[in-house]
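# Overview (structure and organization)
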Amino acid sequence: MKAPALCLTLMLLSAGAYSQYQLRVEPVFRNYGVDAGLPSNSVYGILQDKKGYIWVGTNNGVLRFNGFEFEQLPDTLSCNTNSVYGKSMTLDERGRLWFIDIRMGVFYIENGRIFPWQHNKQLQALKKDGNFVNGILVKGHGEEIWLGASHTGIIHADQNGNCRFLPGLEAADRVFFENEYGGLSSKAQGNYDQYFQGKTQTSLISIQGDTVRIPLFPFTRDSLSDNNFRLYSDNRLADGGWVLNYFGTYFYFKNKQLVWRRKAPGKATIWTMQDATGRIFTGHHYGGGLKMYASLDDFRDNRPANTFLPGMTVTSILQDREGGYWVGTQERGLFYCASLESGR
């Protein structure tokens, strides 16, 4: 009787050890860089189209992943040579990819060719020094477009090329705009010292025309000389809420209300994403890597479950329709992981 009991004990111990080993499996990220067709190792944005292709925005236009390598479409008009940032790609109802580059040129891709938007000249009239666009939404087949300018507001353009700034930034530090096609944001350029010139340490946020005053955690004038502190980001989550990283603080908004805030220690956030299971991922400046939180509550309470890609500056994060994860970086191009659970 002792032998079977001993065997059972060994089996249980082995099962326990195997279970512990399974929990320690680290995901494997496959890397795609210049050897896979990227023009450089800087990737700013990622999008999946209706056919399943992965598109990336780089410092040399947009490229499409064909399953093996990245390819840049024929471009006889030199439309696809400038930087395309994180939120500067979208799809219209036909499934065509639209993008806007750092010089405020709008383009769309159809049947493997790149076409400039016919009203680019009118859009250029709204361009101001130091202003760029990081966000585009398209209605229908291009009948209307909305653009998020870096520090001059939300631009609306109709099918006749009439371009104008939507109201909101005149009386707010930041403006958030949403419609059925997605969300955009913009911020006032402003002087940071205004917070020490008779103004309380609060910030005015305009959400769909409603102004919300948000409290900032106390900070010193010396903090404003810290680039990491002054960097900001905002992303719309799958649940419809917004996460804003601003003045060393995370703010979570939903239904035009500030739900919670917490301090954001460490490297400033570039990108925030919520996957299909509700997990939160944050990509960070200055080699801060990719952090994963098991839930929005864990993110609120600053309880990261894991950190991936240490030393990488993570600029964008996408979960594709197959459940895989794509991560853009400034140092080594694109990373892909089919499953965070199985380690492959």
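Read on for a plain summary of the structure. (Residues numbered from 1 in each chain as written. Predicted model: local features only at pLDDT ≥ 70, side-chain atom pairs only at ≥ 80, totals over all residues. Heavy atoms only, no water.)

### Points about the overall build of the protein
Stated precisely, the cut-off is as follows: Helical segments are the DSSP runs of H or I of at least four residues, strand segments are the runs of E of at least two, and each set is numbered from the N terminus. Only heavy atoms matter for contacts: two residues are in contact if any of them lie within 4.5 Å across the pair.
Regarding its fold elements, the protein presents four helices and 28 strands. When contacts within the protein are restricted to residue pairs at least 6 apart in sequence, long-range pairs at least 24 apart make up 48% of them.

### Some remarks on unusual backbone geometry
Rules: Exposed residues in this analysis have more than 50% of their type's maximum accessible area, buried residues have under 20%, and partly exposed residues fall in between, with area computed by a 1.4 Å probe over protein chains only.
Positive phi values are uncommon outside glycine, yet M104 reaches one of about 65°. Note on placement: M104 falls in the loop between β7 (97–100) and β8 (106–110). A residue is classified by how much of its surface remains accessible, and M104, at 0% relative accessible area, is buried. With a phi close to 55°, N302 is a non-glycine residue in the positive phi region. On the secondary structure map, N302 appears in the loop between α4 (296–300) and β25 (304–308).

### Topic: the pattern of salt bridges
Rules: We define a salt bridge as a contact between a side-chain nitrogen of Lys or Arg and a carboxyl oxygen of Asp or Glu at a distance within 4 Å.
For the coordinates displayed, the defined rule picks out 16 salt bridges. Close ionic contact of D239 with K254 constitutes a salt bridge, the shortest N to O distance being 3.9 Å. One end of the pair, D239, is in the loop between β18 (233–236) and β19 (242–246); the other, K254, is in strand β20 (residues 249–254), with 15 residues separating them in the sequence. Under the relative-accessibility criterion, K254 is labelled partly exposed at 30%. For R279, the salt bridge identified is with E341, shortest N-O distance 2.6 Å. With a gap of 62 residues between them, R279 in the loop between β22 (269–274) and β23 (280–284) and E341 in the segment after β28 (334–337) connect regions that are remote in the sequence. On the basis of relative accessibility, which here comes to 12%, the residue R279 falls in the buried class. With relative accessibility at 52%, the residue E341 sits in the exposed group. Ionic contacts of the salt-bridge type, sharing partners, join the residues D297, D298, R300, D301 and R303 into one network.

### Overview of the pairing of strand β14 (residues 174–179)
Going by this rule: In this description, strands pair whenever DSSP reports at least two bridges between them.
Within β14, five of the six residues are buried, leaving the element largely enclosed by the surrounding structure. Direction of pairing for β14 relative to strand β16 (residues 202–207): parallel, over a ladder of three bridges. Paired with F176 across the two strands is I207, which belongs to β16. Both β14 and strand β15 (residues 182–187) contribute to a ladder of six bridges, which runs antiparallel. In the sheet register, V175 faces β15, and the bridge partner there is S186. Hairpin connection of β14 to β15: two residues between the antiparallel strands.

### Digging into the nonpolar core
Note the following rule: Throughout this description, the term nonpolar core refers to a set of buried Ala, Val, Leu, Ile, Met, Phe, Trp, Tyr and Cys residues connected via side-chain atoms within 4.5 Å.
Formed by 17 residues in total, the largest nonpolar core has its most connected members in W98, V106, W117, L123, I145, L147 and I155. Counting only elements with at least two residues in this core, the list comes to β7, β8, β10 (133–139), β11 (144–149) and β12 (153–157). Judged by nonpolar contacts, the second largest core, of 16 residues, contains W271, I317, V327 and C337.

### So, the packing of aromatic side chains
Where we set the bar: Here the aromatic set is Phe, Tyr and Trp, taking the six-membered ring for Trp, and pairing holds for ring centres within 6.5 Å; pairs whose planes are under 30 degrees apart are stacked, those over 60 apart are edge-to-face, and all others are tilted. Ring-over charges, as used throughout, are those where CZ of Arg or NZ of Lys falls within 6 Å of the ring centre and within 35 degrees of the ring normal.
Applying the stated rule across the entire model yields 22 aromatic pairs. Geometrically, the ring pair formed by Y32 and W326 is stacked, given 6.2 Å between the ring centres and 25° between the ring planes. In this pair, Y32 is assigned in strand β1 (residues 30–32) and W326 in strand β27 (residues 325–329), connecting sequence segments 294 residues apart. W326 matches Y32 in its accessibility class, with the two residues each being buried. With a centroid separation of 4.8 Å and an interplanar angle of 40°, the aromatic rings of F65 and F70 are classed as tilted. For the pair F65 and F70, a shared accessibility class is recorded, and that class is buried. The lysine or arginine in question, R174, covers the ring of Y246, its NZ or CZ lying 5.4 Å from the ring centre.

### What about the side chain of T315?
Secondary-structure assignment places T315 in strand β26 (residues 314–319). With a relative accessible area of 4%, T315 lands in the buried category.

### Remarks on the sheet that holds strand β5 (residues 70–71)
On the basis of which strands lie adjacent, the open sheet formed by four strands has the order β2-β3-β4-β5 and antiparallel pairing. In this open sheet, the two edge strands, each paired with only one partner strand, are β2 (43–48) and β5. Here strand β4 (residues 61–65) pairs with β5 via two bridges, running antiparallel. The partner of R64 across the bridge, within β5, is E71.

### Thoughts on the sheet that holds β26
Where we set the bar: Every angle, taken between N-to-C directions, lies between 0 and 180 degrees, and every axis is a line fitted to C-alpha atoms, over only the stretch in contact when it is a helix.
Taken in spatial order, the four strands of this open sheet run β1-β28-β27-β26, and their pairing is antiparallel. Pairing within the sheet leaves two strands with one partner each, and these edge strands are β1 and β26. Taking each pair of neighbouring strands and ignoring which way they run, the sheet shows an average axis angle of 20°. The pairing of β27 with β28 spans four bridges and is antiparallel. Paired with G328 across the bridge in β28 is L334.

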